[in-house]
Amino acid sequence: MASYQQPEEQRLQGLRDLANRLRVHSIRATCASNSGHPTSCCSAAEVMSVLFFHTMKYKAADPAGASNDRFVLSKGHAAPILYAAWVEAGYINESELLNLRKIDSDLEGHPTPKLPFVDVATGSLGQGLGAACGMAYTGKYFDKASYRVYCLLGDGESSEGAVWEALAFASHYKLDNLVAIFDVNRLGQSEAAPLQHQTDIYKKRCEAFGWNAYVVDGHDVAELCHALWQASHVKDKPTAIIAKTYKGKGIAGVENEDNWHGKPMPKDKVEAMIEAIQNEIKNASRLCPELPAEDAPSVVIDGIRMPSPPSYKVGDKIATRKAYGLALAKLGHANNRVIALDGDTKNSTFSEIFKKDHPDRYIECFIAEQNMVSVAMGCATRSRTVAFASTFAAFFSRAYDQIRMGAISQSNVNLCGSHCGVSIGEDGPSQMALEDLAMFRAVPTCTVFYPSDAVSTEHAVVLAANTKGICFIRTSRPETAVIYSPEEKFEIGQAKVVRSSDTDRVTIIGAGVTLHEALAAADELAKQGTNVRVVDPFTIKPLDAATIISSARATGGRIITVEDHYREGGIGEAVSAVVSGEPGILVQQLGVNRVPRSGKPNELLDMFGISAKCIVEAVKSTFAN
C-alpha cells in the first residue's frame, strides 16, 4: 500500500468548517419546514463533509454523470444534510433549502430520484446498502470503471436483516469499490439502538461477513480522511467504516440526548444554537470535489429488439417459465447490457439458460430475495443495465417493501415470478404464488404481464425490457400448448380474443394455465351447443378495458373470470373494476378461495373450481339462474 499523506491542517480545518455549515443548513431547513431530523443530520456532518469534499470524485454540475462516484443515503431521514452538501457543491441554491418538505419542492422528507443526485429512494430503512451493492457490482464487472460507491447507514437500521444480506453479497463478490459508513450515533427513534456505542462489535460483525473494517471517531475529519484513503487501497474486499458519533452533535443541550429524533429545534432557541455552531467556523472558503476519470463506457439500452421472431409452432408444449429463460437468453444476444439475477432458483425459473449463454452477465444472489431486488435496482440506476431478476413468484412477497421502494425510486427493473398458483401441484401452498397479482397490481409504475404460451412470453420479455417502471412477468410451471403463431403481435394493454363466434353467450377471461382450461371448456361447451368467447388479457395491468367491455356487450353482459390466484386482488377484481361503470355487465369470479394443499395439478384445479370442468359448470349455472 502506498504511504499516506495526511491533508494539510488548512484543508482539515476547511472540512471541519464545512461540516458545521452542513449542520447550520440542516437546522435552518428543518426549522423552516417545522419537521425533519436535524439531530440525525448533525451526527453525520463530518462524514458528509469528508465524503463530498475530499474523497468522492464527481462533477457537481452533472450529478448523474456515468463516471461519477455514487453515494447512497440509506438513512434517508437525514435528507437535509444531503441537500446541504449539494448546496455547498453549488448545485442547489441555498434559499431552496427553506422549501424543504413543501409540496412544490423536490427536496422531500426523504430522498427520491426526482433529484438527479439521488439514484434510489431511501427512507424505508435497511435497503440502501443492497442498492449500493448493485451499483458497485455494475461498476466493477460490467462498466469496469473506476467510480466508487459509498453508502451511509444508521446504526438503528443495522437491525434490519436486509443489511446483512447485502454485507454477505458484497464480500462474496469482492466489491472492493464499495464503502459502507455506519453512523453509530447510539440513539434510535424511541430508545437507544441495541449496541449503542459498542463499535468493536460492529467491527467484528462486519469482519465476520468478510469485510475490511475500521473504527473511527466520526467527528474527526483527519481520521475519516485516513480511513477512506485506506479503503481505496484495499483489494478484493469491501470496506466498512464504523464511525462513532453523537446524535445532535454541536447543538447545546441536544447533543447525545434522548427524545430529539425527528424534531426540529425550538424556534425560540434555534438562532442561539446556530450562532454557537457558526462560532466554530474559522473560514468561509468553499471546497471543490475532485473530478472523476471519464472511463465509464457509453451505454445504449433503448429500443432493444429480438434478433429473430419466436421459433415455436402452434401446438408445441412448453412451460412459460422455460420460455422465459429461453427468451431472456435470446434477448441477451441482442444487447450486451441485458443482465439476469436469480435467488438460487435458476434451474426452476430457467434463468440458467441465460447464465449458460452469458455467464459474465448473470448474478447469483442466493436465497436473499430482498437483497436481490435491491441489487437489481442498483444495477439499473443511471441506465447502465436492463436488469431481470427471477425467483418463485411467492418469494417476491418477502421483498415487497423493496419493490414498493423501487416504484418510488422510478426504477426500471424487471421481475419474473414462476411457480404461480395451485397448478404447481405437490410442492404445496408455501410455494404457490396466490397473492402476487394483487401485490404487483398495487405497485405504482408496475406493468403486470401474464403470458399464456411461449410466444406471448417471449413478447412479454422484450416488451418489459423496453418499458419504464417496474415490470412483473408471471410464469407457470406446467407445460402448455403454444396457441399463437410466431407472427402474432403483442402490445401492453391489448388483450387477445382467442375464441369467438357470432353466437357467443358468455365471455370467459383467463390467463396462464386457466386460459387453457377456458379453451378446453369452450370446446366442451361447443359440443353441447353453447358457444362462448375466450379472452386472454396478456397484461393484467394495464387491462384492456375496451376489449373486455365490447366482448361482454357481445355476450349478453356476462363475464366469467377464472384465475389460478386468490380472488382478492386478482384478475376477477381487475375486470370488475374496469366494467364497474358499465350498466348491465355481471362478473362471476372463479378463483382460489382458501389456503390450498399438496396434490396433483389437475386435482387442485378441480378442488378450487378453476378447471375446465368447473368452468363448464359455471357457464351452465349462469343460464340456469
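Parameters and conventions
- For every chain, the first residue of the written sequence is number 1, and numbering continues from 1 onward in sequence order.
- For a predicted model such as this one, the threshold for reporting local features is a pLDDT of at least 70, and the threshold for listing and counting side-chain atom pairs is 80 or more; totals across whole chains, interfaces and linings nevertheless cover every residue.
- Side-chain numbers come from the whole structure's heavy atoms, not from hydrogens or water.
- UniProt positions are given in the numbering used here, feature names are shortened, and annotations may be inferred rather than shown by experiment.
- Counting from the N terminus, the helices are the DSSP runs of H or I reaching at least four residues and the strands are the DSSP runs of E reaching at least two.
- In this setup the radius of gyration rests on C-alpha atoms only. A globule is expected at 2.2 Å times the number of residues raised to 0.38.
- Burial classification: accessible surface area is computed with a 1.4 Å probe over protein chains only, and a residue below 20% of its type maximum counts as buried, one above 50% as exposed, and the rest as partly exposed.
- Calculation of accessible area relied on Shrake-Rupley with a 1.4 Å probe; when residues are assessed, cover is drawn exclusively from the protein chains displayed.
- Working convention for charge: Lys and Arg count positive, Asp and Glu count negative, and His plus the chain ends are omitted.
- Note on charges: their place is set at NZ of Lys, CZ of Arg, CG of Asp or CD of Glu.
- Under the convention used throughout, the expected extent of a helix is 1.5 Å for every residue step, that is, one less than its residue count.
- Throughout this description, a polar contact denotes any pair of N or O atoms lying within 3.5 Å of each other; where both atoms belong to protein, one of them has to be capable of donating a hydrogen while the other can accept it, and for residues adjacent in sequence the pair is counted only when both atoms sit in side chains.
- The criterion used for residue contact is that any of the two residues' heavy atoms lie within 4.5 Å.
- For two strands to pair, DSSP has to find at least two bridges joining them.
- Helix axes use the C-alpha atoms of the stretch in contact, all axes being lines fitted to C-alpha atoms, and the angles between their N-to-C directions lie in the range 0 to 180 degrees.
- Take the buried Ala, Val, Leu, Ile, Met, Phe, Trp, Tyr and Cys residues and link them wherever side-chain atoms come within 4.5 Å; each set so joined is a nonpolar core.

- If you look the protein chain up in an unreviewed UniProt entry, it shows as transketolase from Pleurodeles waltl.
- Entered under Sequence similarities (unreviewed entry) in the UniProt record, the comment concerning the protein chain runs "Belongs to the transketolase family."
- Looking at the protein chain in UniProt, the text filed under Subunit (unreviewed entry) is "Homodimer."

### Structural notes on the overall build of the protein chain
Phase 1 of the analysis: For the protein chain, the helix and strand inventory stands at 21 helices and 19 strands.
Phase 2 of the analysis: Its C-alpha atoms give the protein chain a radius of gyration of 28 Å, near enough to 25 Å, the size a compact globule of 625 residues would have.
Phase 3 of the analysis: Projected onto the principal axes, the alpha-carbon positions of the protein chain cover approximately 90 × 50 × 40 Å.
Phase 4 of the analysis: Counting across all 625 residues of the protein chain, residues that qualify as buried make up 62%.
Phase 5 of the analysis: When the accessible surface of the protein chain is totalled, it reaches about 23400 Å², and 48% of it is carbon and sulfur.
Phase 6 of the analysis: For the protein chain, the distance from the average position of its 64 positive side-chain charges to the average position of its 72 negative side-chain charges is 2 Å.

### Overview of helix 13 (residues 369-380)
Phase 1 of the analysis: A rise of 1.5 Å per residue sets the reference length of helix 13, with its twelve residues, at 16 Å; its end C-alpha atoms lie 17 Å apart and thus fit the reference within 8%.
Phase 2 of the analysis: Taken residue by residue, helix 13 has Glu369, Asn371, Met372, Val373, Ser374, Val375, Ala376, Met377, Gly378, Cys379 and Ala380 as its buried positions.
Phase 3 of the analysis: Looking at the residues trailing helix 13, positive phi occurs at Arg382, about 55°.

### Section: the side chain of Thr349
Phase 1 of the analysis: As for its position among the elements, Thr349 is in helix 11 (residues 346-349).
Phase 2 of the analysis: One polar contact links the side chain of Thr349 to the main-chain amide nitrogen of Ser351, over a distance of 3.3 Å.
Phase 3 of the analysis: Setting aside residues up to four positions removed in sequence, Thr349 forms contacts with Arg321, Tyr324, Gly325, Asp342, Ser390, Thr391, Phe392 and Ser418.

### Quick notes on the sheet that holds strand 9 (residues 386-392)
Phase 1 of the analysis: Taken together, the seven strands give an open sheet; going across it, the order is 8-7-9-10-12-11-17, and neighbouring strands pair in mixed fashion. Two strands lie at the open edges of the sheet, namely strand 8 (362-364) and strand 17 (539-541), each paired on one side alone. Sheet twist, expressed as the mean angle between neighbouring strand axes with direction ignored, is 20°.

### A word on the nonpolar core
Phase 1 of the analysis: Ranked by size, the top nonpolar core spans 80 residues in total, and within it Leu129, Leu178, Leu341, Ile363 and Leu415 carry the most contacts.
Phase 2 of the analysis: Not counting residues within four places of it along the chain, the set of residues in contact with Leu415 comprises Val373, Ala389, Phe396, Ile403, Phe440, Ile470, Cys471, Phe472 and Ile473.
Phase 3 of the analysis: Membership of the second largest hydrophobic core comes to 54 residues, among which are Ala60, Phe117, Leu152 and Ala243.

### Quick word on unusual backbone geometry
Phase 1 of the analysis: Of the consecutive residues Lys541 and Pro542, the connecting peptide bond is found in the cis state with omega at -5°.
Phase 2 of the analysis: Within the fold, Pro542 resides in the loop between strand 17 and helix 18 (545-554).
Phase 3 of the analysis: Unlike most non-glycine residues, Arg101 shows phi in positive territory, near 70°.
Phase 4 of the analysis: Of note, Arg101 is situated in the loop between helix 4 (79-88) and helix 5 (128-142).
Phase 5 of the analysis: Looking at Arg101, the relative accessible area reads 33%, which means it is partly exposed.
Phase 6 of the analysis: Its identity as a non-glycine residue notwithstanding, Arg382 has a phi of 55°, on the positive side.
Phase 7 of the analysis: Along the polypeptide, Arg382 turns up in the loop between helix 13 and strand 9.

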